[in-house]
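Each chain is listed here by its residues.
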Amino acid sequence: MSSQSPAPSPVPPSSGGEPRKPRVAVVFGGRSSEHTISVVTAGAVLRAIDRDKYDVLPIGITSEGRWALTADEPERMAIADRVLPSVEGLAETAEGSVLLPVEQGNREVVYAEPGAVPKALGEVDVVFPMLHGPYGEDGTLQGLLELSGVPYVGAGVLASAVGMDKDYMKRVFASFGLPVGPYEVIRPREWEQDPAAARKKIVDFAGDHGWPVFVKPARAGSSIGISKVENLAGLDEAIEEARRHDPKILVEALLRGREIECGVLEFEDGPRASVPAEIPPVSTHDFYDFEAKYIDAADGVVPAPLTEEQTARVRELAVRAFEAVSCEGLVRADFFLLDSGEFVINEINTMPGFTPISMYPRMWEASGVSYPELVDRLIQAALRRPTGLR
């Protein structure tokens, strides 16, 4: 499936008129619950970017939202001895801020410290936003970059927003004829104004579809804030845990079957699907939660042991999901293969986990696209793509 990566797209020359390498700003961290995973992911990308082909500018966003200049030291961005990295631990100063342009056509990045003259860091040709969750993966950062006309890797404003909100994501999938499982939504006002009625709504849902149910934040990822609820006794605690991450929550029925994932990548001729992977049951965890994914490194099977017909079907559905949400760049699509043999799409992730051991890169490695080539293809796709309406 692999082919040679295209040559770098033209970029504006330096102020002296000399040709220069495209400059990639890798933006990571952020205000969401997935701050740590974003840092880990960015470290892997920084290691993989071809420095002979690109200049790189690492920019971290702290948990409080400060844009910080960080050292280009990816070895400090990994989980070591179960210690989770953060932008706060990587920032070069405790107060300096990186300022991105907000006017069309200006790509000059500036660094400002209190009491000092702002320092120009040079122009940025493309942003690689390695942010997971709200305030970065949900269309907010993408909107900022659209305002300034700076190209960026991955989905645009609409696709990012829809891909973040599991409620509207499922509505879009259903409208395009993609199979989705039973779910219920509890909006913030419902729980705040009448928790008894909201609780009854969930109990009625469980009465129709059975216990256990999964209670999760509507706009979060990395399995953060998810609880498997066996009965009414554990419901309120699960709701409060989900609401710690998002006031809007989703309740999903248990689907009995196998967990199958498939990657989609934008090539020059359009999106293509990778070989699929399977997430086997994790004996030490009740389900595929945060610790299983990132701390205990639960392994997936690549390629998934499926029939040719099943493989073709899930790859077709993955590309259809990519197109339904108007995605760009990349997507990981997560499915259940039910005992009946039917595939049901659970969700997509417009900026999936991206370390070399993450499922998305592993699926593409098995499809003939190495990790460095995957990173390069995403940057090149972003450089080819115009900003604005398209």
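Residues numbered from 1 in each chain as written. Predicted model: local features only at pLDDT ≥ 70, side-chain atom pairs only at ≥ 80, totals over all residues. Heavy atoms only, no water.

A.B. asks: Can you help me understand the overall build of the chain in this one?
C.D. replies: Each helix and strand counted, the chain has 11 helices and 16 strands in total. In summary, the chain has a C-alpha radius of gyration of 21 Å against a globular reference of 21 Å for 390 residues, a match within 12%. With the principal axes as the frame, the chain shows a C-alpha extent of 70 × 50 × 45 Å. Looking at the chain residue by residue over its 390 residues, the buried ones come to 54%. In the form shown here, the chain has an accessible surface area of approximately 16,500 Å², with 52% of it arising from carbon and sulfur atoms. Distance between charge centres in the chain, computed from 39 positive and 59 negative side chains, equals 2 Å. (Helix = DSSP H or I, 4+ residues; strand = E, 2+ residues; numbered from the N terminus. Rg over C-alpha atoms; globule rule 2.2 N^0.38 Å. Buried < 20%, exposed > 50% of the residue type's maximum accessible area, 1.4 Å probe, protein only. Areas by Shrake-Rupley, 256 points an atom, 1.4 Å probe, with all protein chains shown as cover. Lys, Arg positive; Asp, Glu negative; His and termini not counted. Charge placed at Lys NZ, Arg CZ, Asp CG, Glu CD.)

A.B. asks: What should I look at first to understand the nonpolar core in this one?
C.D. replies: Among soluble globular proteins, nonpolar side chains are generally buried collectively. By size, the foremost hydrophobic cluster in this structure holds 36 residues, and its most contacted members are V26, F128, F354 and I379. Of all elements in the fold, only strand 1 (23-29), helix 1 (35-48), strand 7 (126-129), strand 12 (257-267), helix 10 (359-366) and helix 11 (371-384) reach the threshold of two or more residues within this core. Among the elements that make up this core, the one with the highest residue count is helix 11 (seven residues). Discounting chain neighbours no more than four positions away, the residues touching V26 are A42, L46, I49, V56, L57, P58, I59, F128 and M130. (Core = buried A, V, L, I, M, F, W, Y, C linked by side-chain atoms within 4.5 Å. Contact = heavy atoms within 4.5 Å.)

A.B. asks: Just to check I follow, could you spell out the packing of aromatic side chains for this structure?
C.D. replies: Geometry of an aromatic ring pair is reported as the spacing of the ring centres plus the angle between the planes. Taken as a whole and assessed by the stated rule, the structure comprises five aromatic pairs. Ring centres of F128 and F354 lie 6.4 Å apart, and the angle between their planes is 70 degrees; on these two criteria the pair is classed as edge-to-face. In this pair, F128 sits in strand 7 while F354 sits in the loop between strand 16 (343-349) and helix 10, placing the two residues 226 residues apart along the sequence. When sorted by exposure, F128 lands in the same class as F354, which is buried. Measuring from ring centre to ring centre gives 6.3 Å for F335 and F343, while their planes differ by 80 degrees; the resulting arrangement is edge-to-face. You'll find F335 and F343 in the same group, each marked buried. Pairwise contacts between aromatic rings join F128, F354, Y360 and Y371 into one cluster. (Phe/Tyr/Trp six-rings, centres within 6.5 Å; stacked < 30°, edge-to-face > 60°.)

A.B. asks: Would you take a moment to explain the sheet that holds strand 11 (residues 249-253) for this structure?
C.D. replies: Note on sheets: strands pair through backbone hydrogen bonds, and any given pair is parallel or antiparallel. Spatial strand order, 8-11-9-10: four strands in an open sheet with antiparallel pairing. Of all strands in the sheet, those bounded by a partner on one side alone are strand 8 (183-186) and strand 10 (227-229). Pairwise comparison of adjacent strand axes, ignoring direction, gives a mean angle of 25 degrees for this sheet. Strands strand 8, strand 9 (213-217) and strand 11 of the sheet are contacted by helix 6 (residues 195-209), whose axis makes an angle of about 175 degrees with strand 8. Packing against the sheet, helix 7 (residues 235-243) makes contact with strand 9, strand 10 and strand 11, and its axis sits at approximately 25 degrees to strand 9. (Pairing = 2+ DSSP bridges. Axes fitted to C-alpha atoms, helices over the stretch in contact; angles between N-to-C directions.)

A.B. asks: Mind showing me how you'd approach the environment of I239 here?
C.D. replies: Locating I239 in the fold gives a position in helix 7. For I239, a relative accessible area of 0% puts it in the buried group. Once the C-alpha coordinates of I239 and G368 are considered, the two residues, 129 residues apart in sequence, prove to be 42 Å apart. Leaving out residues up to four positions away in the same chain, I239 has contacts with W191, I202, V215 and I249.

A.B. asks: What should I look at first to understand the pairing of strand 6 (residues 119-123) in this one?
C.D. replies: The side chains of a regular strand alternate, residue by residue, between the two faces of the sheet. For strand 5 (residues 108-112) and strand 6, the ladder comprises four bridges, and the chain directions are antiparallel. What sits directly across from E108, in strand 6, is E123. In sequence, strand 5 turns back onto strand 6 through a hairpin of six residues, with G115 there showing a positive phi of about 75 degrees.

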